[in-house]
Amino acid sequence: MGKILVTGGTGYIGSHTVVELIKNGYDPVIVDNLCNSKIEVLNRLETICGVRPKFYQISVQDKEAMRQVFEENEIDAIIHFAGLKSVGESVLYPEKYYSNNVGSSKVLLELMDEYRVHNIVFSSSATVYGVPERMPIVESDPIGNCSSPYGDTKYQIELLLMDYAKTHEDANVAILRYFNPIGAHPSGLIGEYPTGIPNNLMPYITQVAVGTLECLTVFGGDYDTRDGSCIRDYIHVCDLAEGHVYALHKLETKPGLVIYNLGTGRGTTVLELVHAFEEANNMKINYKVGARRDGDVPENYANCDKAYKEMGWKATRTIKDACRDSWNWQSKNPHGYDK
Ligand code: NAD
Ligand code: UDP
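Quantities reported herein were computed from a predicted structural model and do not represent experimental measurements.

## Concerning the site of ligand 1
Argument step 1. Close to ligand 1 lie 27 residues, the nearest being Asp 32, Asn 36, Ser 37, Lys 85 and Tyr 150.
Argument step 2. Residue Ser 37 places a side-chain N or O atom 2.7 Å away from an oxygen atom belonging to ligand 1.
Argument step 3. Measuring from an oxygen atom of ligand 1, one finds a backbone N or O atom of Phe 81 at 2.8 Å.
Argument step 4. Contact with the protein chains covers 96% of the free accessible surface of ligand 1, which is 820 Å².
Argument step 5. Counting residues per element, the ones that place at least two in the shell around ligand 1 are helix H1 (12-23), strand S5 (119-125) and helix H6 (149-167).
Argument step 6. Considering each element in turn, the shell around ligand 1 owes the most residues, three residues, to S5.
Argument step 7. Looking at the shell around ligand 1 residue by residue, the classes come out as 12 nonpolar, 12 polar and three charged.

Right, dumping it as C-alpha coordinates:
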(Lines give C-alpha, C1' and ligand atoms only; values in the text may rest on other atoms or scores of the structure.)
(Ligands and ions follow the chains in the order given, each with its own letter.)
Protein backbone atom coordinates (compact mmCIF):
# COMPACT_ATOMS: atom_id res chain seq x y z
CA MET A 1 0.00 0.00 0.00
CA GLY A 2 1.33 3.38 -0.92
CA LYS A 3 -1.22 6.05 -1.66
CA ILE A 4 -3.55 6.79 1.23
CA LEU A 5 -6.60 9.03 0.91
CA VAL A 6 -6.85 10.91 4.20
CA THR A 7 -10.23 12.58 4.60
CA GLY A 8 -10.20 15.27 7.28
CA GLY A 9 -6.40 15.28 6.98
CA THR A 10 -5.92 18.91 8.00
CA GLY A 11 -7.82 18.34 11.26
CA TYR A 12 -6.31 17.62 14.66
CA ILE A 13 -5.87 13.83 14.50
CA GLY A 14 -5.64 13.73 10.69
CA SER A 15 -2.69 16.15 10.54
CA HIS A 16 -0.74 14.13 13.12
CA THR A 17 -1.50 10.95 11.19
CA VAL A 18 -0.27 12.51 7.94
CA VAL A 19 3.09 13.10 9.66
CA GLU A 20 3.25 9.42 10.67
CA LEU A 21 2.22 8.26 7.21
CA ILE A 22 4.97 10.25 5.51
CA LYS A 23 7.48 9.10 8.13
CA ASN A 24 6.56 5.51 7.29
CA GLY A 25 6.90 5.91 3.54
CA TYR A 26 3.23 6.32 2.63
CA ASP A 27 1.98 8.94 0.18
CA PRO A 28 -1.02 10.72 1.73
CA VAL A 29 -3.59 12.58 -0.36
CA ILE A 30 -5.65 14.89 1.84
CA VAL A 31 -9.28 15.79 1.25
CA ASP A 32 -10.71 18.39 3.63
CA ASN A 33 -13.33 21.10 3.16
CA LEU A 34 -11.67 23.16 5.94
CA CYS A 35 -14.95 23.49 7.86
CA ASN A 36 -12.99 22.89 11.07
CA SER A 37 -9.34 23.33 10.11
CA LYS A 38 -6.98 25.79 8.47
CA ILE A 39 -5.03 25.74 5.22
CA GLU A 40 -1.97 26.82 7.22
CA VAL A 41 -1.75 23.22 8.45
CA LEU A 42 -0.29 22.29 5.05
CA ASN A 43 2.64 24.71 5.52
CA ARG A 44 3.26 23.25 8.96
CA LEU A 45 3.14 19.69 7.61
CA GLU A 46 5.63 20.67 4.92
CA THR A 47 7.98 22.09 7.57
CA ILE A 48 7.76 18.93 9.68
CA CYS A 49 7.90 16.37 6.86
CA GLY A 50 9.95 18.13 4.19
CA VAL A 51 7.25 17.41 1.60
CA ARG A 52 3.92 19.07 1.00
CA PRO A 53 1.09 16.54 0.90
CA LYS A 54 -1.30 16.68 -2.03
CA PHE A 55 -4.48 18.49 -0.98
CA TYR A 56 -8.04 18.85 -2.29
CA GLN A 57 -10.36 21.37 -0.67
CA ILE A 58 -13.65 19.60 -1.18
CA SER A 59 -16.40 18.00 0.85
CA VAL A 60 -16.44 14.22 1.01
CA GLN A 61 -20.18 14.54 0.55
CA ASP A 62 -19.61 15.93 -2.95
CA LYS A 63 -19.46 12.68 -4.91
CA GLU A 64 -18.56 14.25 -8.26
CA ALA A 65 -15.65 16.18 -6.80
CA MET A 66 -14.54 13.06 -4.91
CA ARG A 67 -14.70 11.04 -8.11
CA GLN A 68 -12.02 13.31 -9.52
CA VAL A 69 -9.76 12.51 -6.54
CA PHE A 70 -10.13 8.79 -7.30
CA GLU A 71 -9.56 9.42 -11.03
CA GLU A 72 -6.37 11.38 -10.41
CA ASN A 73 -4.88 9.15 -7.70
CA GLU A 74 -4.58 5.41 -7.50
CA ILE A 75 -5.78 5.06 -3.94
CA ASP A 76 -4.73 1.94 -2.02
CA ALA A 77 -6.48 2.71 1.25
CA ILE A 78 -8.63 5.36 2.89
CA ILE A 79 -8.34 6.77 6.38
CA HIS A 80 -11.65 8.47 7.03
CA PHE A 81 -11.35 11.20 9.67
CA ALA A 82 -13.67 13.75 8.05
CA GLY A 83 -16.67 14.50 10.19
CA LEU A 84 -18.27 16.94 12.56
CA LYS A 85 -17.49 16.20 16.21
CA SER A 86 -19.18 18.66 18.52
CA VAL A 87 -21.50 16.77 20.86
CA GLY A 88 -23.43 19.94 21.83
CA GLU A 89 -23.89 21.11 18.25
CA SER A 90 -25.11 17.65 17.25
CA VAL A 91 -27.92 17.92 19.81
CA LEU A 92 -29.03 21.20 18.20
CA TYR A 93 -28.57 20.15 14.55
CA PRO A 94 -28.84 16.36 14.32
CA GLU A 95 -29.69 16.46 10.60
CA LYS A 96 -26.44 18.30 9.86
CA TYR A 97 -24.52 15.57 11.69
CA TYR A 98 -26.31 12.71 9.98
CA SER A 99 -25.91 14.16 6.51
CA ASN A 100 -22.28 15.13 6.97
CA ASN A 101 -20.98 12.15 8.94
CA VAL A 102 -23.13 9.30 7.65
CA GLY A 103 -23.55 10.91 4.21
CA SER A 104 -19.83 11.29 3.58
CA SER A 105 -19.17 7.70 4.69
CA LYS A 106 -21.77 6.44 2.20
CA VAL A 107 -20.15 8.41 -0.61
CA LEU A 108 -16.78 6.88 0.22
CA LEU A 109 -18.12 3.33 0.22
CA GLU A 110 -19.84 3.89 -3.14
CA LEU A 111 -16.60 5.21 -4.61
CA MET A 112 -14.63 2.34 -3.08
CA ASP A 113 -16.90 0.00 -5.05
CA GLU A 114 -16.58 2.00 -8.22
CA TYR A 115 -12.78 2.33 -8.07
CA ARG A 116 -12.07 -1.06 -6.47
CA VAL A 117 -10.46 0.33 -3.35
CA HIS A 118 -10.61 -2.40 -0.74
CA ASN A 119 -9.18 -0.87 2.42
CA ILE A 120 -10.64 1.65 4.83
CA VAL A 121 -9.79 2.78 8.35
CA PHE A 122 -12.56 4.61 10.17
CA SER A 123 -12.38 7.08 13.09
CA SER A 124 -14.93 5.87 15.57
CA SER A 125 -15.18 6.82 19.20
CA ALA A 126 -15.56 5.44 22.69
CA THR A 127 -18.92 7.22 22.64
CA VAL A 128 -20.39 4.23 20.73
CA TYR A 129 -20.33 2.27 24.01
CA GLY A 130 -23.04 4.54 25.43
CA VAL A 131 -23.16 4.13 29.19
CA PRO A 132 -20.73 1.24 29.65
CA GLU A 133 -21.67 -1.52 32.07
CA ARG A 134 -18.12 -2.33 33.16
CA MET A 135 -14.57 -1.03 33.07
CA PRO A 136 -12.25 -1.27 31.28
CA ILE A 137 -14.21 -1.40 28.04
CA VAL A 138 -13.49 -4.26 25.60
CA GLU A 139 -14.41 -4.23 21.93
CA SER A 140 -17.04 -6.95 22.35
CA ASP A 141 -19.01 -4.84 24.86
CA PRO A 142 -22.43 -3.69 23.63
CA ILE A 143 -22.60 -0.59 21.43
CA GLY A 144 -25.47 1.79 20.68
CA ASN A 145 -27.65 3.79 23.06
CA CYS A 146 -25.28 6.69 22.52
CA SER A 147 -25.81 9.86 24.49
CA SER A 148 -25.86 12.28 21.53
CA PRO A 149 -26.66 12.45 17.81
CA TYR A 150 -22.89 12.73 17.26
CA GLY A 151 -22.45 9.35 18.95
CA ASP A 152 -25.39 7.96 17.00
CA THR A 153 -23.72 8.91 13.70
CA LYS A 154 -20.56 7.01 14.72
CA TYR A 155 -22.70 4.02 15.65
CA GLN A 156 -24.61 4.19 12.35
CA ILE A 157 -21.38 4.39 10.36
CA GLU A 158 -20.02 1.39 12.23
CA LEU A 159 -23.16 -0.59 11.32
CA LEU A 160 -22.80 0.52 7.72
CA LEU A 161 -19.16 -0.59 7.63
CA MET A 162 -19.99 -3.92 9.26
CA ASP A 163 -22.67 -4.60 6.65
CA TYR A 164 -20.32 -3.44 3.89
CA ALA A 165 -17.63 -5.86 5.09
CA LYS A 166 -20.19 -8.69 5.20
CA THR A 167 -21.28 -8.14 1.61
CA HIS A 168 -17.84 -7.36 0.13
CA GLU A 169 -15.56 -10.34 0.39
CA ASP A 170 -12.46 -8.42 -0.59
CA ALA A 171 -13.11 -5.46 1.72
CA ASN A 172 -10.79 -4.80 4.66
CA VAL A 173 -12.24 -2.48 7.26
CA ALA A 174 -10.58 -1.26 10.46
CA ILE A 175 -12.87 0.50 12.92
CA LEU A 176 -10.78 2.38 15.48
CA ARG A 177 -12.57 3.53 18.62
CA TYR A 178 -10.60 6.43 20.01
CA PHE A 179 -10.67 7.37 23.66
CA ASN A 180 -9.62 10.95 24.62
CA PRO A 181 -6.85 12.33 22.38
CA ILE A 182 -4.70 15.10 23.86
CA GLY A 183 -1.19 16.46 23.24
CA ALA A 184 0.44 17.68 20.08
CA HIS A 185 3.41 17.00 17.82
CA PRO A 186 6.60 17.75 19.82
CA SER A 187 7.64 20.38 17.22
CA GLY A 188 4.78 22.59 18.44
CA LEU A 189 3.87 23.21 14.78
CA ILE A 190 0.56 21.32 14.73
CA GLY A 191 -2.01 20.78 17.45
CA GLU A 192 -5.62 21.23 18.45
CA TYR A 193 -7.26 24.61 18.35
CA PRO A 194 -11.05 24.45 18.51
CA THR A 195 -13.12 27.37 17.29
CA GLY A 196 -14.95 29.22 20.07
CA ILE A 197 -14.90 28.17 23.68
CA PRO A 198 -13.51 24.64 23.92
CA ASN A 199 -15.80 21.83 25.04
CA ASN A 200 -12.93 19.45 25.65
CA LEU A 201 -10.83 19.45 28.74
CA MET A 202 -7.25 19.82 27.45
CA PRO A 203 -7.84 22.79 25.12
CA TYR A 204 -9.75 24.43 27.95
CA ILE A 205 -6.78 23.93 30.30
CA THR A 206 -4.27 25.28 27.76
CA GLN A 207 -6.43 28.32 27.05
CA VAL A 208 -6.60 29.07 30.77
CA ALA A 209 -2.82 28.61 30.92
CA VAL A 210 -2.25 31.04 28.03
CA GLY A 211 -4.67 33.59 29.50
CA THR A 212 -7.42 33.40 26.85
CA LEU A 213 -9.84 31.93 29.40
CA GLU A 214 -9.97 32.82 33.06
CA CYS A 215 -10.88 29.71 34.98
CA LEU A 216 -11.49 26.03 34.33
CA THR A 217 -14.63 24.53 35.78
CA VAL A 218 -14.18 20.92 36.77
CA PHE A 219 -17.54 19.37 35.93
CA GLY A 220 -18.49 17.52 39.10
CA GLY A 221 -16.53 16.77 42.25
CA ASP A 222 -18.96 14.27 43.75
CA TYR A 223 -18.59 11.25 41.47
CA ASP A 224 -17.79 7.92 43.04
CA THR A 225 -14.15 8.05 41.92
CA ARG A 226 -10.85 8.42 43.82
CA ASP A 227 -11.05 12.24 43.96
CA GLY A 228 -14.68 12.85 42.98
CA SER A 229 -13.96 13.98 39.39
CA CYS A 230 -14.60 11.95 36.23
CA ILE A 231 -12.16 9.39 34.88
CA ARG A 232 -11.18 9.25 31.20
CA ASP A 233 -8.52 7.53 29.11
CA TYR A 234 -6.33 10.32 27.69
CA ILE A 235 -4.13 9.21 24.81
CA HIS A 236 -1.32 11.22 23.23
CA VAL A 237 -2.35 12.17 19.69
CA CYS A 238 1.01 10.93 18.33
CA ASP A 239 0.35 7.47 19.82
CA LEU A 240 -3.09 7.59 18.23
CA ALA A 241 -1.61 8.67 14.89
CA GLU A 242 0.83 5.74 15.01
CA GLY A 243 -2.14 3.44 15.61
CA HIS A 244 -3.34 4.26 12.09
CA VAL A 245 -0.08 3.08 10.55
CA TYR A 246 -0.41 -0.17 12.49
CA ALA A 247 -3.99 -0.45 11.25
CA LEU A 248 -2.82 -0.08 7.64
CA HIS A 249 -0.27 -2.85 8.20
CA LYS A 250 -3.04 -4.97 9.64
CA LEU A 251 -5.24 -4.33 6.58
CA GLU A 252 -2.38 -5.53 4.38
CA THR A 253 -2.94 -9.00 5.92
CA LYS A 254 -6.51 -8.91 4.50
CA PRO A 255 -8.31 -9.47 7.79
CA GLY A 256 -11.83 -8.47 6.66
CA LEU A 257 -13.43 -6.49 9.49
CA VAL A 258 -11.37 -5.58 12.58
CA ILE A 259 -12.29 -3.34 15.52
CA TYR A 260 -9.86 -1.88 18.04
CA ASN A 261 -10.00 0.41 21.05
CA LEU A 262 -7.23 2.99 20.89
CA GLY A 263 -6.53 4.30 24.35
CA THR A 264 -3.88 3.78 27.02
CA GLY A 265 -5.77 1.36 29.24
CA ARG A 266 -5.32 3.78 32.15
CA GLY A 267 -7.92 6.07 33.66
CA THR A 268 -7.01 9.59 34.79
CA THR A 269 -9.31 11.90 36.72
CA VAL A 270 -9.95 15.50 35.67
CA LEU A 271 -8.11 16.75 38.75
CA GLU A 272 -5.17 14.42 38.09
CA LEU A 273 -4.89 15.79 34.55
CA VAL A 274 -4.96 19.38 35.83
CA HIS A 275 -2.24 18.60 38.35
CA ALA A 276 -0.15 16.69 35.80
CA PHE A 277 -0.34 19.75 33.54
CA GLU A 278 0.75 22.00 36.40
CA GLU A 279 3.70 19.75 37.22
CA ALA A 280 4.80 19.14 33.64
CA ASN A 281 4.84 22.85 32.85
CA ASN A 282 5.66 24.31 36.23
CA MET A 283 2.63 26.58 36.40
CA LYS A 284 -0.68 26.92 38.23
CA ILE A 285 -4.05 26.46 36.54
CA ASN A 286 -6.91 28.53 37.87
CA TYR A 287 -9.79 26.10 38.40
CA LYS A 288 -12.91 25.57 40.47
CA VAL A 289 -15.02 22.50 41.02
CA GLY A 290 -18.54 23.05 39.70
CA ALA A 291 -21.70 21.12 38.85
CA ARG A 292 -21.76 17.92 36.84
CA ARG A 293 -22.18 18.26 33.07
CA ASP A 294 -25.25 16.57 31.58
CA GLY A 295 -24.48 13.34 29.78
CA ASP A 296 -21.06 12.67 31.37
CA VAL A 297 -20.39 9.12 32.54
CA PRO A 298 -18.33 8.81 35.76
CA GLU A 299 -15.62 6.72 34.16
CA ASN A 300 -14.57 5.62 30.74
CA TYR A 301 -11.34 3.83 29.91
CA ALA A 302 -10.22 1.20 27.47
CA ASN A 303 -8.84 -2.25 27.51
CA CYS A 304 -6.39 -2.06 24.60
CA ASP A 305 -5.04 -5.61 24.71
CA LYS A 306 -6.65 -6.52 21.39
CA ALA A 307 -4.82 -3.79 19.48
CA TYR A 308 -1.55 -4.97 21.03
CA LYS A 309 -2.18 -8.68 20.43
CA GLU A 310 -3.39 -8.32 16.85
CA MET A 311 -1.48 -5.28 15.57
CA GLY A 312 1.42 -4.94 18.01
CA TRP A 313 0.34 -1.39 18.81
CA LYS A 314 0.25 0.21 22.22
CA ALA A 315 0.45 3.76 23.52
CA THR A 316 3.93 4.59 24.82
CA ARG A 317 3.75 8.27 25.76
CA THR A 318 2.79 9.45 29.25
CA ILE A 319 0.19 11.93 30.44
CA LYS A 320 3.09 14.20 31.36
CA ASP A 321 4.44 14.04 27.78
CA ALA A 322 0.99 14.99 26.51
CA CYS A 323 0.68 17.89 28.97
CA ARG A 324 4.10 19.21 27.98
CA ASP A 325 3.38 18.88 24.26
CA SER A 326 -0.09 20.47 24.54
CA TRP A 327 1.44 23.46 26.28
CA ASN A 328 4.36 23.67 23.84
CA TRP A 329 1.83 23.91 20.98
CA GLN A 330 -0.51 26.34 22.74
CA SER A 331 2.22 28.66 24.02
CA LYS A 332 3.87 28.85 20.58
CA ASN A 333 0.49 29.37 18.89
CA PRO A 334 -1.71 31.36 21.28
CA HIS A 335 -4.24 31.92 18.47
CA GLY A 336 -3.92 28.48 16.92
CA TYR A 337 -3.15 28.69 13.20
CA ASP A 338 -4.22 32.36 12.99
CA LYS A 339 -1.47 34.95 13.28
P1 NAD B 1 -11.20 17.83 13.51
O2 NAD B 1 -12.45 18.60 13.45
O3 NAD B 1 -9.96 18.51 13.93
O4 NAD B 1 -10.91 17.13 12.09
C5 NAD B 1 -11.96 16.73 11.22
C6 NAD B 1 -11.66 17.32 9.87
O7 NAD B 1 -12.68 16.94 8.96
C8 NAD B 1 -11.65 18.86 9.88
O9 NAD B 1 -10.44 19.31 9.30
C10 NAD B 1 -12.85 19.26 9.02
O11 NAD B 1 -12.61 20.44 8.30
C12 NAD B 1 -13.00 18.04 8.14
N13 NAD B 1 -14.34 17.77 7.61
C14 NAD B 1 -15.53 17.69 8.29
N15 NAD B 1 -16.51 17.38 7.44
C16 NAD B 1 -15.97 17.24 6.21
C17 NAD B 1 -16.48 16.91 4.93
N18 NAD B 1 -17.76 16.65 4.73
N19 NAD B 1 -15.62 16.85 3.89
C20 NAD B 1 -14.29 17.11 4.05
N21 NAD B 1 -13.76 17.43 5.24
C22 NAD B 1 -14.59 17.49 6.31
O23 NAD B 1 -11.46 16.55 14.43
P24 NAD B 1 -10.45 15.48 15.01
O25 NAD B 1 -10.40 15.67 16.46
O26 NAD B 1 -9.21 15.46 14.23
O27 NAD B 1 -11.28 14.15 14.74
C28 NAD B 1 -11.09 13.36 13.59
C29 NAD B 1 -12.10 12.23 13.60
O30 NAD B 1 -11.95 11.48 14.80
C31 NAD B 1 -13.56 12.70 13.58
O32 NAD B 1 -14.29 11.81 12.77
C33 NAD B 1 -13.98 12.59 15.01
O34 NAD B 1 -15.36 12.40 15.14
C35 NAD B 1 -13.19 11.38 15.46
N36 NAD B 1 -12.95 11.36 16.92
C37 NAD B 1 -12.38 12.43 17.52
C38 NAD B 1 -12.18 12.42 18.89
C39 NAD B 1 -11.58 13.62 19.61
O40 NAD B 1 -11.72 13.71 20.83
N41 NAD B 1 -10.89 14.53 18.93
C42 NAD B 1 -12.56 11.30 19.64
C43 NAD B 1 -13.13 10.21 18.99
C44 NAD B 1 -13.33 10.25 17.62
N1 UDP C 1 -14.38 18.52 31.69
C2 UDP C 1 -14.33 19.45 32.69
N3 UDP C 1 -14.31 20.76 32.37
C4 UDP C 1 -14.32 21.19 31.07
C5 UDP C 1 -14.33 20.23 30.04
C6 UDP C 1 -14.39 18.89 30.39
O7 UDP C 1 -14.33 19.10 33.87
O8 UDP C 1 -14.31 22.42 30.83
C9 UDP C 1 -14.41 17.08 32.04
C10 UDP C 1 -15.63 16.35 31.55
O11 UDP C 1 -16.67 16.43 32.49
C12 UDP C 1 -15.10 14.93 31.38
C13 UDP C 1 -13.62 15.12 31.04
O14 UDP C 1 -13.30 16.46 31.42
O15 UDP C 1 -15.17 14.25 32.60
C16 UDP C 1 -13.34 14.96 29.56
O17 UDP C 1 -14.26 15.75 28.84
P18 UDP C 1 -14.12 16.00 27.29
O19 UDP C 1 -15.26 16.88 26.88
O20 UDP C 1 -12.73 16.48 26.98
O21 UDP C 1 -14.23 14.56 26.65
P22 UDP C 1 -15.41 13.45 26.74
O23 UDP C 1 -14.85 12.35 27.56
O24 UDP C 1 -16.61 14.08 27.32
O25 UDP C 1 -15.58 13.06 25.32
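## A few points about helix H9 (residues 270-281)
Argument step 1. Compared with the 16 Å implied by 1.5 Å per residue over 12 residues, the 17 Å span of H9 between its first and last C-alpha is a close match.
Argument step 2. Inspection of H9 places Val 270, Leu 271, Leu 273, Val 274, Ala 276, Phe 277, Glu 278 and Asn 281 among the buried residues, and these make up the whole buried set.
Argument step 3. Immediately beyond the C-terminal end of H9, within one or two residues, lies Asn 282, with a positive phi of roughly 55°.

## Details of the sheet that holds strand S1 (residues 3-7)
Argument step 1. The strand order across the open sheet built from seven strands is S3-S2-S1-S4-S5-S6-S11, with neighbouring strands paired in parallel fashion. With partners counted over all chains shown, the strands left at the sheet margins are strand S3 (54-56) and strand S11 (257-262), one partner each. Geometrically, the sheet is characterised by an average inter-axis angle of 20° between neighbouring strands, direction not taken into account.
Argument step 2. Pairing analysis gives four bridges linking strand S4 (residues 77-80) to S5, with the strands arranged parallel. Bridge pairing in S5 places Ala 77 opposite Asn 119.
Argument step 3. Contacts between H1 and the sheet are confined to S1, strand S2 (27-31), S4 and strand S6 (172-178), with S2 contributing the most and set at about 160° to the helix.

## Considerations on the site of ligand 2
Argument step 1. Taken together, 15 residues form the shell around ligand 2, and within it Leu 201, Thr 217, Phe 219, Arg 232 and Asp 296 come nearest.
Argument step 2. For ligand 2, an oxygen atom lies 3.2 Å from a polar atom in the side chain of Asn 200.
Argument step 3. Within the contact set of ligand 2, an oxygen atom lies 2.6 Å away from a side-chain nitrogen or oxygen of Asp 296.
Argument step 4. Relative to its unbound accessible surface of 510 Å², ligand 2 loses 86% to contact with the protein.
Argument step 5. Elements with a minimum of two residues in the shell around ligand 2: helix H7 (201-210) and strand S8 (216-219).

## Observations concerning the layout of surface pockets
Argument step 1. Here the second largest pocket defines a volume of roughly 190 Å³.
Argument step 2. Lining the second largest pocket are 16 residues, and of these His 118, Asn 119, Asp 170, Asn 172 and Lys 254 lie nearest its centre.
Argument step 3. Grouping the amino acids of the lining of the second largest pocket by side-chain chemistry returns six nonpolar, four polar and six charged.

## Points about the side chain of Asp 239
Argument step 1. Within the secondary structure, Asp 239 is located in helix H8 (residues 237-252).
Argument step 2. In this structure Asp 239 comes out as buried when scored by relative accessible area, which is 1%.
Argument step 3. Residue contacts for Asp 239: discarding those within four places in its chain leaves Trp 313, Ala 315, Thr 316 and Arg 317.

## Considerations on the sheet that holds strand S12 (residues 268-269)
Argument step 1. Strand order in the open sheet formed by three strands is S12-S9-S14, and the pairing between neighbours is mixed. A strand with exactly one partner marks an edge of an open sheet, and here the two such strands are S12 and strand S14 (299-300).
Argument step 2. Bridging between strand S9 (residues 231-232) and S14 involves two bridges; their strand directions are parallel. Of the residues in S14, the one forming a bridge with Arg 232 is Asn 300.

## What to know about the nonpolar core
Argument step 1. Grouped together as the largest cluster of nonpolar side chains are 39 residues, with contacts concentrated most on Ile 4, Leu 21, Leu 45, Val 121, Leu 248 and Leu 262.
Argument step 2. Residue assignment for this core shows that the elements contributing at least two residues are S1, H1, helix H2 (40-49), S4, S6, H8, S11 and helix H10 (305-311).
Argument step 3. In terms of residue count, H8 provides more of this core than any other element does, seven residues in total.
Argument step 4. If near-sequence neighbours (up to four positions away) are discounted, Leu 262 is found in contact with Leu 176, Arg 177, Tyr 178, Phe 179, Ile 235, Leu 240, Gly 243, Cys 304, Ala 307, Met 311 and Trp 313.
Argument step 5. One finds Val 31, Ala 65, Phe 122 and Ile 157 within the second-largest nonpolar core, a separate group that totals 31 residues.

## Some thoughts on the environment of Ile 58
Argument step 1. Looking at where Ile 58 falls in the secondary structure, it is placed in the loop between S3 and helix H3 (63-72).
Argument step 2. Owing to a relative accessible area of 18%, Ile 58 belongs among the buried residues under this scheme.
Argument step 3. For Ile 58 and Asn 199, which are 141 residues apart along the polypeptide, the C-alpha to C-alpha distance reads 26 Å.
Argument step 4. With residues near it in sequence (within four places) discarded, Ile 58 still touches Val 31, Asp 32, Asn 33, Ala 65, Met 66 and Val 69.

What counts, and at which threshold
Residues numbered from 1 in each chain as written. Chains lettered and ligands numbered in written order. Predicted model: local features only at pLDDT ≥ 70, side-chain atom pairs only at ≥ 80, totals over all residues. Heavy atoms only, no water. Near = heavy atom within 4 Å. Polar contact = N/O pair within 3.5 Å; in protein donor to acceptor, adjacent residues only side chain to side chain. Areas by Shrake-Rupley, 256 points an atom, 1.4 Å probe, with all protein chains shown as cover. Helix = DSSP H or I, 4+ residues; strand = E, 2+ residues; numbered from the N terminus. Nonpolar A, V, L, I, M, F, W, Y, C, P; charged D, E, K, R; others polar. Expected span 1.5 Å × (residues − 1). Buried < 20%, exposed > 50% of the residue type's maximum accessible area, 1.4 Å probe, protein only. Pairing = 2+ DSSP bridges. Axes fitted to C-alpha atoms, helices over the stretch in contact; angles between N-to-C directions. Contact = heavy atoms within 4.5 Å. 1 Å grid on protein atoms, 1.4 Å probe; cavity = no way out; pocket = protein on both sides within 12 Å on 5 of 7 lines; lining within 4 Å. Points joined across faces, edges and corners; volume = space filled by probe spheres on them. Core = buried A, V, L, I, M, F, W, Y, C linked by side-chain atoms within 4.5 Å.

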